[in-house]
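Structural overview
Take a look at the letters that make up each chain.
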Amino acid sequence: NYVLNLRNDSKIDVESNDLGTYVHYVLQRLLEDYIKGNVKADTDESELKEKLNIYTCEFTSGYLNVDISRPGYAKIKALFERMKKNTLKAAQNILCELSSSEFKPSKLELNISDSGEMPPLRIQLSDGSSAVLGGVADRVDTYSADGKTYIKLMDYKTGKPSFSLNGIEKCDGIQLFVYMISICTKGGKLFGGDIKPAAAFYVAVTPEVKEHDFPIDEETADTLARDGIIRRGAVLNDEEVMKAVFG
């Protein structure tokens, strides 16, 4: 679910959190079309650009209440043109990932809460009360083998993701692992089978900017941008699972 404040057409102020929501929206729509078979892992760039044009128009008209094709919105149109270029690289990177992985998207924007598709994690505290931990998982991929359903979680970040196993001990970066515990302990009806954790990644969907001491051509820049989509996280130390995750 994406909720933005509607603004007067003559005074549109696009904020940084709006841009983050835009990236999440576009990638969710892309993966919805992938699940339906309307987008393939080998979809060429021109067709992918057309898809992103459609998603962008949906976003600006439906969530910002703006038709950027109308006169007077040149600045906002230029902003979203730049955003589309960055998001295109993320889309290409994600489709490339899916082409090599045995894991496939099963759920998008999975709501883990008392009112959602999955119940949250409850922790009993020493004083008799309880802590309820939930949220929304951007993407849940599954892979089935030998009667087991393996889970891979993906969380999109517009900034550079920070993750380390040492940080987990300090409750830094535990978001996906809380989701994983909830899914593995209570997701039997939703995902079926004997559920096992496989991997969890925070994904930077804005390409990392790198400086170069020499000129590079556009094709090289595009390749570097696609490869600059950084993933940080953990994967189960199991050869078959790692092969399924990475191909």
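As a starting point, this report considers the structure included with it. Only a predicted model underlies this, so the values are computations on that prediction, with no experimental measurement involved. (Residues numbered from 1 in each chain as written. Predicted model: local features only at pLDDT ≥ 70, side-chain atom pairs only at ≥ 80, totals over all residues. Heavy atoms only, no water.)

Some remarks on the overall build of the chain
Under the convention used in this document: Here a helix means four or more residues in a row that DSSP labels H or I, a strand means two or more in a row labelled E, and each is numbered from the N terminus. Every residue pair with non-hydrogen atoms within 4.5 Å of one another is taken to be in contact. Computed with a 1.4 Å probe, the accessible areas rest on the Shrake-Rupley method; for each residue, only the protein chains presented here act as cover.
Looking only at helices and strands, one finds 8 helices and 7 strands in the chain. Of the contacts made within the chain by residues no fewer than 6 positions apart, 72% connect residues no fewer than 24 positions apart. Counting only carbon and sulfur atoms, one obtains 49% of the accessible surface of the chain, whose full area is about 13700 Å².

A closer look at the nonpolar core
Where we set the bar: Here, nonpolar core refers to any group of buried Ala, Val, Leu, Ile, Met, Phe, Trp, Tyr and Cys residues whose side-chain atoms link them within 4.5 Å. Each residue is placed in one exposure class: buried if its accessible area under a 1.4 Å probe, protein chains only, is under 20% of its type's maximum, exposed if it is over 50%, and partly exposed if it falls in between.
Within the largest apolar cluster, 43 residues are counted, with the highest numbers of intra-cluster contacts made by Leu27 and Phe80. A total of 10 residues in this core trace back to one element, the largest contributor, which is helix H3 (residues 74-100). If we ignore the near neighbours within four places in the chain, the residues touching Leu27 are Thr87, Ala91, Ile94, Tyr156 and Val205. Within the second largest apolar cluster, 16 residues are counted, among which are Ala137, Leu153, Phe191 and Ala200.

Some points on the pattern of salt bridges
As a reminder, the rule being used: Salt bridges, as used here, are contacts in which a Lys or Arg side-chain nitrogen is within 4 Å of a carboxyl oxygen on Asp or Glu.
As enumerated under the stated definition, the model contains 15 salt bridges in all. Across the pair Arg29 and Glu32 runs a salt bridge, and its minimum N-O distance is 3.3 Å. Here Arg29 pairs with Glu32, and both are found in helix H1 (residues 16-36), just 3 residues apart, close to one helical turn. A salt bridge links Lys157 to Asp155; its shortest N-O distance comes to 3.0 Å. Classification of Lys157 by relative accessible area gives partly exposed; the value is 28%.

Digging into helix H5 (residues 175-186)
Definition in use: Helix span, expected: 1.5 Å multiplied by one less than the number of residues in the helix.
For H5, with 12 residues, the first-to-last C-alpha span of 17 Å sits near the 16 Å given by 1.5 Å per residue. Of the positions making up H5, those classed as buried are Leu176, Val178, Tyr179, Met180, Ser182 and Ile183.

So, the packing of aromatic side chains
Note the cut-off: Side-chain rings of Phe, Tyr and Trp, where Trp is taken by its six-membered ring, are said to pair if the distance between their centres is within 6.5 Å; with planes under 30 degrees apart they count as stacked, over 60 as edge-to-face, and otherwise as tilted.
Per the counting criterion, the structure on display carries 9 aromatic pairs. Seen from their ring centres, Phe103 and Tyr143 are 5.4 Å apart, and the 45° between their planes marks the pair as tilted. Pair noted here: Phe103 is in the loop between H3 and strand E1 (104-112) and Tyr143 is in strand E4 (residues 135-145), with a separation of 40 residues, a long-range link. Since its relative accessible area comes to 0%, Phe103 is described here as buried. Through a chain of ring-to-ring contacts, three or more aromatic side chains come together here, namely Tyr22, Tyr25, Phe59, Tyr63 and Phe80.

Digging into the sheet that holds E4
Pairing between the strands of a sheet comes from backbone hydrogen bonds, and it takes one of two forms, parallel or antiparallel. Defined as follows: In short, DSSP must find at least two bridges between two strands for them to pair. Note on geometry: axes are lines fitted to C-alpha atoms, helical ones only across the stretch in contact, with angles between N-to-C directions running from 0 to 180 degrees.
An order of E1-E4-E5-E6-E7 is seen for the 5 strands of this open sheet, with the pairing classed as mixed. At either margin of the open sheet sits one strand with a lone partner, and together these are E1 and strand E7 (231-235). Going across the sheet, the axis of each strand differs from the next one's by a mean of 25°, ignoring polarity. As paired strands, strand E5 (residues 148-157) and strand E6 (residues 194-204) are joined by 10 bridges and run parallel to one another.

Things to note about H1
Look at H1: 31 Å from first C-alpha to last across 21 residues, which is about the 30 Å you get at 1.5 Å a residue. Backbone geometry just after H1 places Gly37 at a positive phi near 90°.

Thoughts on a negative patch on the surface
Rules: Like charges within 9 Å and nonpolar side chains (Val, Leu, Ile, Met, Phe, Trp, Tyr) within 5 Å are joined into patches, using only residues over 30% in relative accessible area that form no salt bridge. Counting rule applied: Lys, Arg positive; Asp, Glu negative; His and chain ends not counted. In plain terms, the charge of a residue is placed at NZ if it is Lys, CZ if Arg, CG if Asp and CD if Glu.
On the surface, a cluster of negative charge is made up of Asp42, Asp44, Glu47 and Glu50. Note that Asp44 resides in the loop between H1 and helix H2 (45-62).

Here we look at the packing of H1 against H2
To keep it simple, the criterion reads: Angle categories are assigned with fixed cut-offs, so that under 35 degrees is roughly parallel, over 145 is roughly antiparallel, 65 to 115 is roughly perpendicular, and the rest are oblique. The hand of a helix crossing depends on one turn: near helix anticlockwise from the far one by less than a right angle means left-handed, and clockwise means right-handed.
Their axes nearest at 10 Å, the elements H1 and H2 cross at an angle of 125°. Judged by the angle between their axes, H1 and H2 are oblique. In this structure, H1 crosses over H2, and the sense of that crossing is right-handed. Across from Asp18, Thr21, Tyr22, Tyr25, Val26, Arg29, Leu30 and Asp33 in H1, the residues of H2 making contact are Leu48, Lys51, Leu52, Tyr55, Thr56, Glu58 and Phe59.

Some remarks on the pairing of strand E3 (residues 130-133)
Pairing geometry for strand E2 (residues 121-124) and E3, over 4 bridges, is antiparallel. If you follow Gln124 over to E3, its bridge partner there is Ser130. Linking E2 back to E3 in an antiparallel pair, the connection comprises 5 residues, with Gly128 at a positive phi of about 95°.

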